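Here are the chains, one letter per residue:
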Amino acid sequence: MFEIEINMTPDGLKHYNNIIGAVFEYLRVLVAYGPQKLFYDEISAVTELNFRFYETPGVVNWVLDRSQRCHNPHIVPEHYLSAGNGVLDFNYKDVADFMTHLHPQNYRVFLGAQNHSDVEFTTTEKYFGTPYRVDTLPLNLTDETIMYWTEQYRFHLPTPNSFIPKSTKVVGKIMPPTEVALAPSLLYRTDAYELWFKQDDQFARPHGYIRVEIAYAQTAPLSFDCAAAQLLDKYVAIILDGELYNAKVAGMDYSVSFLTTKVDIEVSGFSAKLQNLVDAILHRLKTLNIEDHIFQDSLTQMRQNYQNKRNRQPFQQLQRIEHPHFNLAYVWSFETLGQQLANITIDSLQRLVTSAFERTYAKIIVSGDYYESDAVDTARNVQQILDSQPLSADKQIHGRVVAIEPGHYIHRTQMSDASSLNGASLVTIYCGSQLSAKDRVITELLAHINGSPFFDMLRTKEQLGYVVYASKVSYKTGRMMLVFNAQSEVNPAYLTQRTDKFIRDIRQRIHDHSIEEFDALVLSQIAIKTEKLKSIEDEATQFWERISTGVYDFDYLVQEIAQLKLLNKEDLLEAWDMYVNPNTAVNYTRIDSQIWPVKSVYPQDSKLSTYPNSVISLFGCLHSNGLVEVGIAELYKFVQHAALSNNVNDSLSDLEELYFSKHATAQTLERVTADDSRIGTAVEMALQDIARSTHKFRSLTGDFGTKNMRQTLDGKWIIDNIDSFKAMQKLYDLAEPETSLAPKYTN
């Protein structure tokens, strides 16, 4: 089966017959020229190189792949390892015979889209309920005339692939583990660029990695600038996908990101032609002229991209979209960026392209199978192609991390997808400094200790949803963070309360660790940090992370391992009390993020939102069980009164007598009073929460109440708008280098 898959724009879908015509016109050209040994030789060369210098993937993926091969009846046992990595000898007749099938009387078309407004479906797929219909291809799509569109499509065969390496000579040597260089060398540091270099001394493969980061911004960006950069990034991706196809075929990977303050170019693969790929990318960016049809295509894709973000799973919206929005400067919501798209014109995008390369500063790393002179040539080529004035350090705009002021905050939003039944809760607790090796390893250990118990409690035992995890998050500077994420059909306030219960109990779990258990935990972390890297790209990416932070602490793993060896259980308990325990943490900083499904009782109005989260949790549980007549004001008074005795069973009985008997059917009453009902747990959490709420978490350096922020009745600051909240915060300073940056060469 020979398949061709084409992604279409909405306009493309309307003219799919023209696209099919273009496909068959190209196939006609292909058949007319006949089999070409040139293309066979190129495919064979790349396949042979990939096999000779095979980079082992992760163990799990490797085993899965081999298992699939073992179950493939078309692969004989002696080819289980090599299947798919070899090419048969070129056979002109076999290829020519295959080509005889490439005509418009021998094909099927599948047209898939989110909706077909002008199609009446006749059948429904039985497993997923997807409507579809099957029609006989009309004459205008099967007649030979569809192949002769030469006036519109002037197709030709591909030119020879200039990216296929001619030489695979390895210049580096594998060194003993104790002699492997732990850092790249700084060759040059001028007013226009800095160049880092590391020759491969671990892998002995003809692979390389080159990264070029070009800073261009001279003023702090606004949301319009961010939207324009993202639109230009999409435009560039469309252009390069077609023009650099040969590089992909030749075993190279590339990534070009046009960001708000910089352009980031990353290439990897066989080392011989990587410099050519960097040059080709830079030349294309420098000579880019914005064309209307690609501009419109980019706009369509960006609008769809923002819409897709609205429809992501709730836990993804909180972790991948909202969390960076809270913690990073120059990051805006996709709603704000979507609104700005309407203000971007071809001229404004062209001005961005032109101005971006007027003044620049480049950070460059060349790593892998190269000589030092190769790295120097790469840097000189970059400067020659850019042909720009230096961007001084005081004019460069760096990404900054928001310094969230101590306090307990809550932010609630609602799913835009009305059909979604799930909501999610993300609890973020700010811990020690990202720049401290000790703080980093302590936060990693705490996250590791939390992971399995958190999943076991919320997922395995309480069946609150399939997505439950605890982990750590960090950005370039600022504070480390512990995050607890859960997605469920149960209301997000309840999820937050269960997370809070887990957090309060975890200190005892740490305390209960025996010395042997703690030592085993530390050793497991050391084993992870001493695990041998798998590729040149992995090593170079680690180097780049240390360069991009501005700290240049290339020995960070050595520092972390040294700190791990010094740790004891008391260090974790001290950190827990210093950052995570709300009763002891002086600078307690926490954000509770919730995203609510449309069908839940969403606490958005000013009265409902200010009630304690535990009461909203109980209120939501009652409503989801059909007890919609119970008002939150009377429920809050009931909980306040019941908290005086703090007896869950008595409170449930009182609740049943006062409310359930009035508003519940017999079936509902049986369900909500069952032993496994979440209402009982919600009542227990509400009583404990009210009993604990003896003080309010106010900011330490000011009162947000003077800045039009409201507080819940249990003292949490309500964040209505993330951008407005961020505007009240300071930013962390840029990191200082740990060592002096002394380049090897000065001219």
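Before reading on, note that the structure itself is shown above.
The rules we used
The residue count restarts for each chain, going from 1 along the sequence in the order it is written. Thresholds applied to this predicted model are a pLDDT of at least 70 for local features of residues and 80 or more for the giving and counting of side-chain atom pairs; totals over whole chains, interfaces and linings are not thresholded and use all residues. The side-chain values count all of the structure's non-hydrogen atoms but skip hydrogen atoms and water molecules. A run of H or I in DSSP becomes a helix once it reaches four residues, and a run of E becomes a strand once it reaches two; helices and strands are each numbered from the N terminus. Our radius of gyration is a C-alpha quantity, and the globule rule it is checked against amounts to 2.2 Å times the number of residues to the power 0.38. Think of it in three bands: with a 1.4 Å probe and only protein chains considered, a residue is buried below 20% of the maximum accessible area for its type, exposed above 50%, and partly exposed in between. We call two residues contacting when some pair of their heavy atoms lies within 4.5 Å. Accessibility throughout is a Shrake-Rupley quantity obtained with a 1.4 Å probe, and a residue counts as covered only by protein chains that appear here. Under this rule, positive means Lys or Arg and negative means Asp or Glu; His and the chain ends count for nothing. By convention, the point assigned to a charge is CZ for Arg, NZ for Lys, CD for Glu and CG for Asp. Every case where a carboxyl oxygen of Asp or Glu lies within 4 Å of a side-chain nitrogen of Lys or Arg is listed as a salt bridge. Each axis is a line fitted through C-alpha atoms, taken for helices only over the stretch in contact, and angles between the N-to-C directions span 0 to 180 degrees. These descriptions rest on fixed angle ranges, namely under 35 degrees for roughly parallel, over 145 for roughly antiparallel, 65 to 115 for roughly perpendicular, and the rest for oblique. As a working rule, the residues Ala, Val, Leu, Ile, Met, Phe, Trp, Tyr, Cys and Pro are called nonpolar, Asp, Glu, Lys and Arg charged, and the rest polar, with Gly in that last group. Any two strands are treated as partners once DSSP identifies two or more bridges connecting them. By construction, the arc corresponds to the directions joining the helix axis to the C-beta atoms. Only Phe, Tyr and Trp rings are paired, with Trp represented by its six-membered ring, and only when their centres lie within 6.5 Å; those with planes under 30 degrees apart are stacked, over 60 edge-to-face, the remainder tilted. As a reminder, the over-ring test applies to NZ of lysine and CZ of arginine, requiring each to be within 6 Å of the ring centre and within 35 degrees of the ring normal. Each residue after the first adds 1.5 Å to the expected span of a helix. Each patch is built from salt-bridge-free residues with over 30% relative accessible area, joining like charges within 9 Å and nonpolar side chains (Val, Leu, Ile, Met, Phe, Trp, Tyr) within 5 Å.

Caption draft 1: Spotlight on the overall build of the protein chain. Assigned secondary structure in the protein chain consists of 26 helices and 18 strands. Whereas a compact globule of 747 residues would reach a radius of gyration of roughly 27 Å, the protein chain reaches 30 Å, a difference of no more than 12%. The proportion of buried residues among the 747 residues of the protein chain is 47%. Considering only residue pairs separated by 6 or more positions, the protein chain has 80% of its internal contacts joining residues 24 or more positions apart. Element-wise, carbon and sulfur atoms account for 51% of the exposed surface of the protein chain, whose accessible area totals about 38300 Å². Charge separation in the protein chain, taken as the distance between the mean sites of 70 positive and 92 negative side-chain charges, equals 3 Å.

Caption draft 2: Representation of the pattern of salt bridges within the structure. Under the defined criterion, the tally for this structure stands at 28 salt bridges. When the shortest N-O distance is used, the salt bridge between Asp 577 and Arg 507 registers 2.8 Å. Of the two residues, Asp 577 is situated in helix 19 (residues 569–580) and Arg 507 in helix 15 (residues 492–512); the sequence distance between them amounts to 70 residues. Taking the shortest distance from any N to any O, the salt bridge between Asp 592 and Arg 590 comes out at 2.7 Å. Classification of Asp 592 by relative accessible area gives buried; the value is 2%. The exposure class assigned to Arg 590 is buried, which follows from its relative accessible area of 2%.

Caption draft 3: Examining the packing of helix 22 (residues 632–642) against helix 25 (residues 678–692) more closely. The geometry of helix 22 relative to helix 25 is characterised by a closest axis approach of 9 Å and an angle of 70 degrees between their N-to-C directions. In this view, helix 22 runs roughly perpendicular relative to helix 25, as classed from their interaxial angle. Listed contacts from helix 25 to Tyr 636, Val 639, Gln 640 and Ala 642 of helix 22 are Ala 686, Leu 687 and Ile 690. Of the residues that constitute the contact of helix 22 with helix 25, the class distribution is six nonpolar, one polar and no charged.

Caption draft 4: Just the sheet that holds strand 16 (residues 710–711), in detail. Ordered by their spatial adjacency, seven strands build an open sheet running 13-14-12-15-11-17-16, and the pairing between neighbours is mixed. Only two strands of the sheet have a single neighbouring strand rather than two, namely strand 13 (467–473) and strand 16. Direction of pairing for strand 11 (residues 407–414) relative to strand 17 (residues 717–719): parallel, over a ladder of three bridges. Each residue of the ladder has a partner; that of Ile 410, found in strand 17, is Ile 718. Docked against the sheet, helix 15 engages strand 12 (423–433), strand 14 (479–488) and strand 15 (589–596), running at close to 35 degrees with respect to strand 12.

Caption draft 5: The arrangement of helix 22 in detail. Among all positions of helix 22, only Ile 632, Leu 635, Tyr 636, Phe 638, Val 639 and Ala 642 are buried. Angularly, the buried residues of helix 22 cover 160 degrees about the axis, an arc narrow enough to put them on a single face. The outward face of helix 22, more than 90 degrees from its buried face, is lined by the exposed residues Lys 637 and His 641.

Caption draft 6: Spatial organisation of the side chain of Asn 581. Its location among the elements puts Asn 581 in the loop between helix 19 and strand 15. Each residue touching Asn 581, except ones within four places of it in the same chain, is listed here: Trp 576 and Tyr 588.

Caption draft 7: The arrangement of the packing of aromatic side chains in detail. All chains considered together, the criterion is met by 17 aromatic pairs. The rings of Trp 196, Phe 543, Tyr 552 and Phe 554 are connected pair by pair, giving a single aromatic cluster. Between the NZ or CZ atom of Lys 248 and the centre of the ring of Tyr 254, over which it lies, the distance is 4.9 Å.

Caption draft 8: Helix 10 (residues 314–327), seen in detail. Its 14 residues give helix 10 an end-to-end C-alpha distance of 19 Å, which sits within 8% of 20 Å, the value for a rise of 1.5 Å per residue. Of all 14 residues making up helix 10, 13 are buried, and the element is well covered by its neighbours.

Caption draft 9: Looking closely at the pairing of strand 8 (residues 359–368). Of all the ten residues making up strand 8, nine are buried; the element is thus mostly covered by neighbouring parts of the structure. Pairing geometry for strand 4 (residues 193–199) and strand 8, over seven bridges, is parallel. Bridging across to strand 8, Leu 195 finds its partner in Ile 364. By the bridge criterion, eight bridges tie strand 5 (residues 207–215) to strand 8 in an arrangement that is antiparallel. Residue pairing across strands places Ala 215 opposite Tyr 361, the latter belonging to strand 8. As paired elements, strand 8 and strand 9 (residues 389–390) share two bridges and run parallel to each other. Bridging from a neighbouring strand, Thr 360 pairs with Pro 390 of strand 9.

Caption draft 10: Spatial organisation of the pairing of strand 12. Counting buried positions along strand 12 yields ten of eleven residues, so the element is predominantly enclosed. As paired strands, strand 12 and strand 15 are joined by six bridges and run antiparallel to one another. Within strand 15, the residue paired with Thr 428 across the bridge is Ile 591.

Caption draft 11: Focus on a negative patch on the surface. Among the surface-exposed residues, Asp 512, Glu 516, Glu 517 and Asp 519 lie close enough to one another that they form a single negatively charged patch. Looking at the negative patch element by element, the count peaks at three residues for helix 16 (residues 515–529).

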